[in-house]
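Structural characterization, general
Here is how the chains run, residue by residue.
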Amino acid sequence: MSDNVNAVSVKGIYKNYGDVEALRDMSLDFPKGQLTSLLGPSGCGKTTLLKIIAGLLQPNQGEVYVNGQIVSEPGPDRAFVFQDFALMPWASVLRNVAFGLELRKVAKSEREDIARKYIKEVGLDGFENSYPHELSGGMRQRVGLARALSVDSPVLLMDEPFSAVDEQTRRKFQEDLLQLVKEESKTFIFVTHSIEEAVYVSDQVAILLPRPSRVSEIIKPSSFKNKDVDSIRKDSEYLDTVEKIWKSLRSYVE
Amino acid sequence: MRIFGFKLPNMTSLILWGLVWEILGRMEVSFFLPPLSSIFVTLADIYDSKAFVRALSETAVAFFGGLFYALVIGIPLGIFMGKNRFVDELFLPWVNMFMSAPLTALVPVLMVLFGFGLKSIIIVTTLFAIWIIILNTRAGVKQINRSLVDMANSFGANPIDAFIKIYFWAALPEIIGGIRIGFIRAVKGVIIGQLLISIVGFGSLFELYSSRFLMSHFWAIILVLFALAFTISELLAMLAKRFDYYASKRG
Ligand SMILES: Nc1ncnc2c1ncn2[C@@H]1O[C@H](COP(=O)(O)OP(=O)(O)OP(=O)(O)O)[C@@H](O)[C@H]1O
Ligand SMILES: [Mg+2]
């Protein structure tokens, strides 16, 4: 029943870890070309949902649709950005970025050309031959992002990609992400803990309840999306939306 | 070592002990202990003799043969055990048992099964080296960062790619550590094997020299073996150092 408006849909997902019921009857649509945030308290099953969409975990029940097709395994239509970067410490930046293409059997010179392009795009020009341990946390996350971008999947799955970087870098990344969403016609699914971050970068924020997790509310911030990056954080709808989400989550924290 | 404030190079104390040996030898304390210098003279005499060269090459074949099997069986098995609970539960009790078992006691059985030749010695050498290689590789794979595995899977890695491009490299520092200890144990294995199956390699020379009371010949062989074992383990230590930096930086 998926249509061409949604890049990804999950329908009636149940997931248990032994006795722990992580997801119960979770359904959610991710519109094409938009950024959807999954926002919710720690342990509510955000990573679980993202891994199920990625095909890295199997749900106990329910389906994942990508472009209207049911999927149950990883595929070239989705790329994952990992919270802890997941870089190979024994490989250079260039090989790390090209690794997705390497696994997809793209010829060496071709994949390195593509990787170079994305290394440049994320601002790591000149670090092609560095190793992950020579980079800062923010730079490593850019490597992970470049790797996901270079396989050119229409769907990008990002699990708290900015949680390991400092506040300044994080703000810079959020601005870059907004830019990326505008430029690339990709669908982003973005997990975060931060209400401000979710409201700032998203076209749509899905608020998840604590375990067993369902979607409690979907909020679509809209009016400030076309403003320039600096004025968003001062926009009154932005601030109101943050406040509203905080109010609805507050009861679960208390 | 320091003497009168001068820093002496690492092996200086060996010279001192060599001197003690020489003096004791010249005092003819025991026929068992000829002067060190005469041992070197003997060594110079026999090192290009047919028997010695043959013993050396047979030992090398047994050593590297045994090590080869220990590596090509041990590393993949260790990776499988680290990856897969079922395989792990199947093999771990055996690996642990053989790891601490007195393997020397098995040699007579092996001689019956595989004959008195090179084949048995290669098997003995493999048996000495392989368990620690398996255990270390397994430990290396067990500590692998789960998200590296997820990463490879998310890009559609097939099992062989994941095995070679992720698991092997992630476990490499531990594998090198295991190989190093495995090497040292292989030296033991090859010598013990030859001594017990005393018609091959240095075993036959030992047999020959000791039965004729050619003590300086006997000692010459022992010196050669010690020097070889020592050199190999030092080389491996150097190699392991080069990978240490990377072990501390990964993750
Ligand atoms: N492999 C596992 N085995 C058992 N329980 C698990 C496993 N992975 C997750 N869980 C449980 O499932 C629930 C959801 O976990 P998940 O990692 O999806 O949460 P999350 O929303 O990503 O949390 P966080 O924001 O802290 O990353 C948690 O209560 C967790 O304890
Ligand atoms: Mg999580």
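Shown above is the structure to which this text applies.
In short, a report on the structure. Just so it is clear, the model here is predicted, and its values are computed rather than measured.

The helix and strand inventory of chain B stands at 11 helices and two strands. Overall, chain B shows an N-to-C arrangement of helices and strands of β-β-α-α-α-α-α-α-α-α-α-α-α. Over its C-alpha atoms, taken along the principal directions, chain B stretches across nearly 75 × 60 × 30 Å. Taken across its 251 residues, chain B has 45% of its residues classed as buried. If you sum the accessible surface of chain B, you get close to 13900 Å²; carbon and sulfur atoms cover 72% of it. In chain B, 20 positive and 13 negative side-chain charges are present, and the distance between their average locations comes to 6 Å.

What follows concerns the sheet that holds strand 8 (residues 187-192) of chain A. Residue and element names in this part refer to chain A. Here six strands make up an open sheet; going across it, the order is 6-7-8-3-9-10 and the pairing mixed. In this open sheet, the two edge strands, each paired with only one partner strand, are strand 6 (78-81) and strand 10 (215-219). Strand-to-strand, the axes of this sheet are offset by a mean angle of 15°, without reference to chain direction. One ladder, built from five bridges, connects strand 7 (residues 155-159) with strand 8; its direction is parallel. In the sheet register, M158 faces strand 8, and the bridge partner there is F190. Where helix 4 (residues 137-150) meets the sheet, its contacts fall on strand 6 and strand 7, and the angle it forms with strand 6 comes to roughly 175°.

What follows deals with the environment of Q179 of chain A. Note on placement: Q179 of chain A falls in helix 5 (residues 167-183). A sequence separation of 38 residues divides Q179 of chain A from E217 of chain A, and the C-alpha atoms of the two residues are 26 Å apart.

With that settled, the discussion passes to a nonpolar patch on the surface. All names here are of chain B. Residues W17, V20, I23, L24, M27 and V29 make up a contiguous nonpolar surface patch of about 610 Å² in total accessible area. Checked against the element boundaries, M27 lands in the loop between helix 1 (12-26) and helix 2 (36-46). The exposed category is assigned to M27, whose relative accessible area is 56%.

Our next topic: the pairing of strand 8 of chain A. A regular strand places its side chains so that they alternate between the two faces of the sheet. Residue and element names in this part refer to chain A. Counting buried positions along strand 8 gives six out of six residues, so the element sits mostly inside the fold. Judged by which residues are buried, strand 8 turns out to be covered on both faces: T187, I189 and V191 on one side and F188, F190 and T192 on the other are all buried. Crossover strand 7 to strand 8 through helix 5 is right-handed.

Below, the discussion takes up the site of ligand 1. Residues and elements named next belong to chain A. Around ligand 1 sit Y17, A22, S42, G43, C44, G45, K46, T47, T48, E160, H193 and R211, and that is every residue in its neighbourhood. Between ligand 1 and the protein, one listed contact pairs an oxygen atom with a side-chain N or O atom of T48 at 2.4 Å. Contact with the protein chains removes 63% of the 630 Å² of surface that ligand 1 exposes when unbound. Looking at the shell around ligand 1, the element that brings in the most residues is helix 1 (residues 46-54), giving three residues. Here the shell around ligand 1 is built from residues that sort into three nonpolar, six polar and three charged.

On to the sheet that holds strand 5 (residues 69-71) of chain A, then. All names here are of chain A. Strand order in the open sheet made by the four strands is 2-1-4-5, with antiparallel pairing throughout. The sheet terminates laterally at strand 2 (20-31) and strand 5, the two strands that pair on one side only. For this sheet, the mean inter-axis angle between neighbouring strands, taken without regard to orientation, is 30°. Relative to strand 5, strand 4 (residues 61-66) runs antiparallel, the two sharing three bridges. Bridge pairing in strand 5 places V64 opposite V71. Docked against the sheet, helix 1 engages strand 1 (6-17), strand 2 and strand 4, running at close to 120° with respect to strand 1.

What counts and how
Residues numbered from 1 in each chain as written. Chains lettered and ligands numbered in written order. Predicted model: local features only at pLDDT ≥ 70, side-chain atom pairs only at ≥ 80, totals over all residues. Heavy atoms only, no water. Helix = DSSP H or I, 4+ residues; strand = E, 2+ residues; numbered from the N terminus. Buried < 20%, exposed > 50% of the residue type's maximum accessible area, 1.4 Å probe, protein only. Areas by Shrake-Rupley, 256 points an atom, 1.4 Å probe, with all protein chains shown as cover. Lys, Arg positive; Asp, Glu negative; His and termini not counted. Charge placed at Lys NZ, Arg CZ, Asp CG, Glu CD. Pairing = 2+ DSSP bridges. Axes fitted to C-alpha atoms, helices over the stretch in contact; angles between N-to-C directions. Contact = heavy atoms within 4.5 Å. Patch = residues over 30% accessible without salt bridge, like charges linked within 9 Å, V, L, I, M, F, W, Y side chains within 5 Å. Salt bridge = Lys/Arg side-chain N within 4 Å of Asp/Glu carboxyl O. Right-handed = clockwise from strand over helix to strand, strands pointing away. Near = heavy atom within 4 Å. Polar contact = N/O pair within 3.5 Å; in protein donor to acceptor, adjacent residues only side chain to side chain. Nonpolar A, V, L, I, M, F, W, Y, C, P; charged D, E, K, R; others polar.

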